[in-house]
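For reference, the chains in residue letters:
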Amino acid sequence: MSNPATPPRSLAEALRARDDASLAVLLRARPDLITPVPTDLTQLATRAGTRASVLRALERLDRFALQTAEALAVAGDPASYQEVLGLLAGDGGDPVVAGQLPRAVAALRDQALVWGDDDRLRLVRTAREVLAPSPQHPSPTGLGPTVREATAGMSPGRIQEIVATAGLPSTHDSVSAVDALTKLFGHRKKMAKLLAAAPAESREVLSRLVWGPPYGQITPEPAAHLRWLLDRGLLLPTAPGTVVLPREVALHLREGRAHREPEPVPPAVEPAAAHRPQVVDATAAGQAYTALATVEELLKDWDEGGPAVLRAGGLSVRDLKRTAVALDVPEPVAAFWVELAYAAGLLASDGEADERYAATPAYDEWLDRPPAERWAQLAEAWLTATRTAGLVGGRDTKDRALSALGPGLDRSAAPEVRHRVLTLLAGLPEGAAPAADSVLARLRWERPLRGPQQQGEDLRGRLARWTLSEAELLGVTGRGALSAHGRALLGAPPAPATTASASATGSASAPASASAEASGPGDKLPVHHHHVPALPTPAPLTPPEQAVAAAAAARLLAPLLPEPLDHVLLQADLTAVAPGPLRRPLADALGVLADVESKGGATVYRFTPGSVRRALDAGQTAADLHAFLATHSRTPVPQPLTYLIDDVARRHGHLRVGAASAYVRCDDDTVLNEIMADKRASGLRLRRLAPTVLATQADPATLLEGLRAMGFAPAAESAEGDVLVTRAHAHRSPPRTAPEPVPDGPPPPDATLLAAAIRAIRAGDLAATTPRKSTGAVVQGGELPRTTPAETLATMQAAVLTGDTVWIGYVNAEGTASQRVIAPIRVEGGFVTAYDHTADEVRTYPLHRVTGVAELAED
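Report follows, based on the coordinates. (Residues numbered from 1 in each chain as written. Predicted model: local features only at pLDDT ≥ 70, side-chain atom pairs only at ≥ 80, totals over all residues. Heavy atoms only, no water.)

**A word on helix α12 (residues 188–196)**
The test is simple: Each residue is placed in one exposure class: buried if its accessible area under a 1.4 Å probe, protein chains only, is under 20% of its type's maximum, exposed if it is over 50%, and partly exposed if it falls in between. Strands here mean DSSP runs of E at least two residues long; helices mean DSSP runs of H or I at least four residues long; both are numbered from the N terminus. What the arc measures is the spread of directions leading from the helix axis to the C-beta atoms. Only heavy atoms enter the contact rule, under which two residues are in contact if any of them lie within 4.5 Å.
The complete set of buried residues in α12 reads Met191, Leu194 and Leu195. All buried residues of α12 project into a common sector of 95° when viewed along the axis, lining one side. Along α12, exposed side chains directed more than 90 degrees from the buried face belong to Lys189, Lys193 and Ala196. In this fold, the buried residues of α12 make contact with α11 (174–186), α13 (200–209), α14 (224–231) and α15 (247–253).

Here's what the structure looks like:
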């Protein structure tokens, strides 16, 4: 264990000096570091410095923390806190930057991207390589290489010429000459005097390069104003025809700032409109009811088997268009509803040879639940799903079309972006709808993009826009503002009563001013060592917490949803008006008896001969239909509707169709004569077998459809002559589970896993760093100790008698080797029972798996 008073010499020593709470902060922020659990702190530090892990950590920094890391990358190594403050605040200082810098440095320390005391801050090597400027990868700051880096390949004579032309005395070697030039460029007064003598054209060249990129092109015979800069080292050649502005010169021209515009405080989420909370909740509830009706209509349309599954998976473009027409919505919105039903486990492929999409058995269970609970299930599935409907219609990286329900739609960032966008809305006052651009600006600050990777930034922006529109479609928001049940779905506290800008900014500006007042530009803040909390960003809920939040949202939504009605209003024009949502049995029965003509606040159904025949085919009689309408109509049953039902029922079943392949029989031969004389019957190829019987090679279903198209109302019959009653058939897929979200890296560890991992790392570090006595154990470079079985047994028995703690090498049954510190309790039967400090429990080990043993030193 390193001495806390001694500055750490490596990241491993800095981690070793941390307490368990600080290690927990690190592992929670970077869960990839404990997958699997490191054996000790040295391995943890090594893993924290790998390129993949560092890149992931940098991508999760907010803009100011990233700017701080970028400033460290162009500062000296190590750099002092005051040097970093100067690079961010400039020569004139900035109280807001000074107030927020402790938080940014603490965030970098927490994530093990920076280590060391305030006077010796070090950026981990991999992060410096990623962020430091180079010809291949320009720095995000726009700064170029230092004078020393730019003159590395320059001849000593040329360096001396530059030093002399710059007005400096010549030196005996290139190193001291470069040092003198560096000091000149870093001296504000001397540099100002030097630049004052520069031609105007030369200063114009410097102004074009100062904020980057710092590289420029010159001809073999540069102009006089360029030659003036080259002769004084204000521009240095890096390759034939290429020059660079040295970092020290650029910083002088920038007045010491590494960034043109430091952004220490996040931009506020600005409200675009304000509505009464009651209006927002009512609007959102109306959208929620529409969402339920749309999903029901979608799956009812697919009840007897939905569209075919493409060979590569997903819906075809044609089937998506048909679905959009059936739902009366644009295709992108239809893709959203299809993907939502799939994410909620209500829709899946049936797995048959002719694979098609169909509702799952879970859909029937979903229909039986109260409306508010059904909505909560949809909203919860949407909030946590990684499948992204907005991508439908686009192209993947291999230029293949992305289809609804197909592969390639998972985006691991989607749940986090949805949660964060809704959380920002929850920070606004009740009823306030945000300006979309301000939400996007806030998200860009919280997760800025490094370098030229514009695709990642564009995706997060599109995810945010899709979140705002999808939340409105689903009824999480109303008129753009977060509803009360939407706030409960997040598990968020009640809406604040403060102004929109203050609540959107959070607590960032207050600590800034407080810190600025507490410290002057030259003061050294003592809190930099300690944990300073970052900006509050609530993490997404765990599955159990999300289930509780969804139940709370359902309770708030339930009173806002309209009560289902048990009646309709029949009209003389053969229509029925449902003035609101109907109870399920009534809606299902009416959907068979009539066709939906229009939807909206009131649904209009139209009765036609075909719809009445459909009800009769489903087993209803004319008397049943009359009784049904009389029971559920608040108006008298119109006489035209009574006549329509009686007329269709009188002709229904007058013709009988069976298998001959198929036949038609009728007691009235004049009807059969009429059929034979009809030109439309030619395709059925009918022939008369008897005065009352016609036969055809067509199958019974085709014959039924053909006769119905001719205006007849035939009924199918069985081989025994009984009328076949055709009932609605609901095709279901086998039981399916909802698609699992695709995580963005390892999931954050819970408290139990964190505690166990930290205990194991500490114990492993104790085993690796505890001093040992010099014995016969063979140990090289951290390998396991090696002793003979006799020496191992003797050392163990002696430790039992003396109560000493020993260090052992152990190989388990899977062949995994580890180091352990144990206190033997007894040795018998080829086993040693000991208190294992590594596992913090008593364990028994077979002696034949102990590779060696060594006694620990007294100190």
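The rest of the description comes next.
**Notes on the environment of Arg30**
Convention followed: In the analysis that follows, any N or O atom pair within 3.5 Å is treated as a polar contact, provided that within protein one partner can donate a hydrogen and the other can accept it, and provided that, for residues neighboring in sequence, both atoms belong to side chains.
Relative to the helices and strands, Arg30 resides in the loop between α2 (20–29) and α3 (41–48). The buried category is assigned to Arg30, whose relative accessible area is 2%. Separated by 716 residues in the primary sequence, Arg30 and Pro746 have C-alpha atoms spaced 8.8 Å apart. Excluding anything up to four places from it in sequence, Arg30 contacts Ala48, Ser53, Val54, Ala57, Gln111, Ala112 and Leu113. A polar atom in the side chain of Arg30 sits 2.7 Å from the side chain of Ser53.

**A few points about the sheet that holds strand β15 (residues 603–606)**
Threshold: Only when DSSP finds a minimum of two bridges between them are two strands counted as paired. Fitted lines through C-alpha atoms give the axes, limited to the stretch in contact for helices. The angle between two N-to-C directions lies from 0 to 180 degrees.
The 4 strands are arranged β12-β13-β15-β14 in an open sheet whose pairing can be described as antiparallel. Pairing within the sheet leaves two strands with one partner each, and these edge strands are β12 (569–571) and β14 (595–598). When strand polarity is set aside, the average angle formed by the axes of neighbouring strands in this sheet is 30°. Sheet topology note: the strand β13 (residues 575–578)/β15 ladder contains 4 bridges and is antiparallel. The partner of Thr575 across the bridge, within β15, is Arg606.

**Regarding the environment of Ala690**
Examined against the element boundaries, Ala690 turns out to sit in strand β18 (residues 687–690). Sequence spacing of Ala690 and Asp669 is 21 residues, and the spatial spacing of their C-alpha atoms is 9.3 Å.

**Things to note about the packing of aromatic side chains**
Inclusion rule: Aromatic rings from Phe, Tyr and Trp, taking only the six-membered ring of Trp, are treated as a pair when their centres fall within 6.5 Å; an angle between ring planes under 30 degrees marks them as stacked, one over 60 as edge-to-face, and anything in between as tilted. Over a ring means this: the NZ of a Lys or the CZ of an Arg is within 6 Å of the ring centre and within 35 degrees of the ring normal.
Summed over all chains, the structure comprises 4 aromatic pairs. Taking NZ or CZ as reference, Arg374 lies 5.3 Å from the ring centre of Trp366, over its face.

**Here's the deal with the sheet that holds strand β4 (residues 236–239)**
Hydrogen bonds between backbone atoms are what pair the strands of a sheet, whose relative direction is either parallel or antiparallel. Strand order in this open sheet of 3 strands is β3-β5-β4, and the pairing throughout is antiparallel. Each edge of the open sheet carries a strand with a single partner, namely β3 (215–217) and β4. With direction set aside, neighbouring strand axes in the sheet form an average angle of 40°. As judged from the 3 bridges shared by β3 and strand β5 (residues 242–244), these two strands associate in the antiparallel manner. Bridge assignment links Tyr215 to a residue of β5, and that residue is Val244.

**Remarks on the pattern of salt bridges**
Applicable threshold: Here, a salt bridge means any side-chain nitrogen of Lys or Arg that lies within 4 Å of a carboxyl oxygen of Asp or Glu.
According to the stated counting rule, one finds 37 salt bridges in the structure shown. Across the pair Glu149 and Arg247 runs a salt bridge, and its minimum N-O distance is 3.6 Å. Remark: Arg247 occurs in helix α15 and Glu149 occurs in helix α9 (residues 147–150); sequence separation between them is 98 residues. When the shortest N-O distance is used, the salt bridge between Arg606 and Glu597 registers 2.4 Å.

**Some thoughts on the pairing of strand β22 (residues 817–828)**
Note that strand β21 (residues 806–811) and β22 share 6 bridges and pair antiparallel. Each bridged residue has a counterpart across the sheet, and for Val806 the counterpart in β22 is Ile822. In this structure, β22 lies alongside strand β23 (residues 831–836), joined through 6 bridges in antiparallel fashion. Paired with Val827 across the strands is Val832, a residue of β23. Where β22 hands over to β23, the hairpin turn is made up of 2 residues, of which Gly829 adopts a positive phi near 60°.

**Quick look at the pairing of strand β25 (residues 850–855)**
Along β25, 5 of the 6 residues are buried, which leaves the element largely enclosed by surrounding structure. Bridging between β21 and β25 involves 5 bridges; their strand directions are antiparallel. The residue bridging Val806 from the neighbouring strand is Glu855, located in β25.

**Points about the nonpolar core**
Formally: Residues belong to one nonpolar core when they are buried, are Ala, Val, Leu, Ile, Met, Phe, Trp, Tyr or Cys, and are joined through side-chain atoms within 4.5 Å.
Residues Phe185, Leu234 and Leu235 are the most contacted members of the largest nonpolar core, which totals 92 residues. The element that contributes the greatest number of residues to this core is helix α5 (residues 63–74), accounting for 8 residues. Residues within four places of Leu235 in sequence aside, it is in contact with Val205, Leu206, Leu209, Leu226, Leu229, Leu230, Val243, Val244, Leu245 and Pro246. Membership of the second largest hydrophobic core comes to 76 residues, among which are Leu299, Leu383, Ala471 and Leu561.

**As for the side chain of Thr141**
Following the sequence through the fold, Thr141 ends up in the loop between α8 (125–131) and α9. Thr141 gets classed as buried once you look at its relative accessible area, which sits at 4%. Side-chain polar atoms of Thr141 contact the backbone nitrogen of Leu143, separated by 3.3 Å. Discounting residues that sit within four places of it in the chain, Thr141 has contacts with Glu70, Val74, Trp211, Arg254, Ala258 and His259.

**Looking at the packing of helix α21 (residues 414–426) against helix α22 (residues 436–446)**
Our working rule: These descriptions rest on fixed angle ranges, namely under 35 degrees for roughly parallel, over 145 for roughly antiparallel, 65 to 115 for roughly perpendicular, and the rest for oblique. Each crossing gets its handedness from the near helix: less than a right angle anticlockwise from the far helix is left-handed, clockwise is right-handed.
Between α21 and α22, the least distance of the axes is 11 Å, while the angle of their chain directions is 120°. With respect to their mutual orientation, α21 and α22 come out oblique. Like other packed secondary-structure pairs, α21 and α22 cross with a definite hand, here right-handed. Here Val417, Arg420, Val421 and Leu424 of α21 come into contact with α22, specifically with Val439, Arg442, Leu443 and Glu446.

Treat this as a map of the structure, not an account of what it does.
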